[in-house]
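A structural walkthrough
Residue strings, one per chain:
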Amino acid sequence: VIGIMAYRFGKMGEQSRETYSLLLELPNAKGILKNSDVQLAGARIGYVADKPRISANVSSVVVELKINSTVKLPRETTFQVGSSGLLGDVFVEVANRAG
């Protein structure tokens, strides 16, 4: 129980850092939840701000990301949904960082 509480409080502390928002449109956001990690080369650089929602044209899903302000991603950056660990934790991965 103490380990779980320490993990949760640690994540809450990370979310209080300065961030900027990105809206990501994906064809499929299966497994992405609010507070899922956003990772670049295996390092956590942000989190999913809210649960995914259907886009206005109903052909994709929109996911709001909060990225640490110290990480600058160019507009051409691409993302993908990844999974890791024994339990298959799902996260958003920076797939191709242009520039």
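See above for the structure.
Here is what the cut-offs are and how they apply
Here the residue index of a chain counts from 1 through its sequence in written order. Residues qualify for local features only when their pLDDT is at least 70, as the model is predicted, and side-chain atom pairs are given and counted only at 80 or more; totals for whole chains, interfaces and linings, by contrast, use all residues. Working from all heavy atoms in the structure, the side-chain values ignore hydrogens and water. Helix numbers and strand numbers start at the N terminus; a helix is a DSSP run of H or I with at least 4 residues, a strand a run of E with at least 2. Nitrogen and oxygen atoms within 3.5 Å of one another constitute a polar contact, given that in protein one can donate a hydrogen and the other can accept it, and given that sequence-neighbouring residues count only through two side-chain atoms. Two strands make a pair as long as DSSP finds a minimum of two bridges between them. Residues belong to one nonpolar core when they are buried, are Ala, Val, Leu, Ile, Met, Phe, Trp, Tyr or Cys, and are joined through side-chain atoms within 4.5 Å. Three exposure classes are used, based on accessible area relative to the maximum for each residue type with a 1.4 Å probe and protein chains only: buried under 20%, partly exposed in between, and exposed over 50%. We count a salt bridge whenever a side-chain nitrogen from Lys or Arg sits within 4 Å of a carboxyl oxygen from Asp or Glu. The contact criterion used is simple: two residues touch if any of their non-hydrogen atoms lie within 4.5 Å.

Positive phi values are uncommon outside glycine, yet Ala 41 reaches one of about 55°. Mapped onto the elements, Ala 41 comes out in the loop between strand E2 (37-40) and strand E3 (43-48).

Among the structural elements, Ser 59 can be located in the loop between strand E4 (53-54) and strand E5 (61-68). C-alpha separation for the pair Ser 59 and Leu 26, spaced 33 residues apart in sequence, amounts to 9.2 Å. A polar contact is formed between the side chain of Ser 59 and the side chain of Asn 57, at a distance of 2.9 Å.

Turning our attention to the pairing of strand E7 (residues 89-96). In the case of a regular strand, side chains alternate between the two sheet surfaces. The pairing of E2 with E7 spans two bridges and is parallel. Across the sheet, residue Val 38 finds its bridge partner in E7, namely Val 92. Pairing of strand E6 (residues 78-84) with E7 involves seven bridges; the strand directions are antiparallel. Among the inter-strand pairings, Gln 80 is bridged to a residue of E7, identified as Glu 93. Taking the residues that link successive antiparallel strands as the turn, the E6-E7 hairpin has four residues, and the phi of Gly 85 there is positive, at about 80°.

Attention now goes to the nonpolar core. Counting residues in hydrophobic clusters, the biggest one holds 16 residues, and the most contacted among them are Ile 45, Val 63, Leu 65, Ile 67, Leu 73, Phe 79 and Val 92. Contributions of two or more residues to this core are made by strand E1 (19-26), E3, E5 and E7. Take this core: its biggest share by element is four residues, from E5.

Here the structure, examined in full by the defined rule, presents two salt bridges. Note that Arg 44 and Asp 37 form a salt bridge whose closest N and O atoms lie 2.5 Å from each other. Look at Arg 44 and you get partly exposed, because its relative accessible area is 23%. Among the ionic pairs, Lys 66 bridges to Glu 64, the shortest N-O distance being 3.8 Å. Under the relative-accessibility criterion, Lys 66 is labelled partly exposed at 21%.

This part is about the environment of Ser 69. Within the secondary structure layout, Ser 69 lies in the loop between E5 and E6. Sequence-distant contacts of Ser 69, that is, excluding residues within four places in its chain, are made with Glu 18, Thr 19 and Tyr 20.

All we've got here are geometric facts, nothing functional implied.
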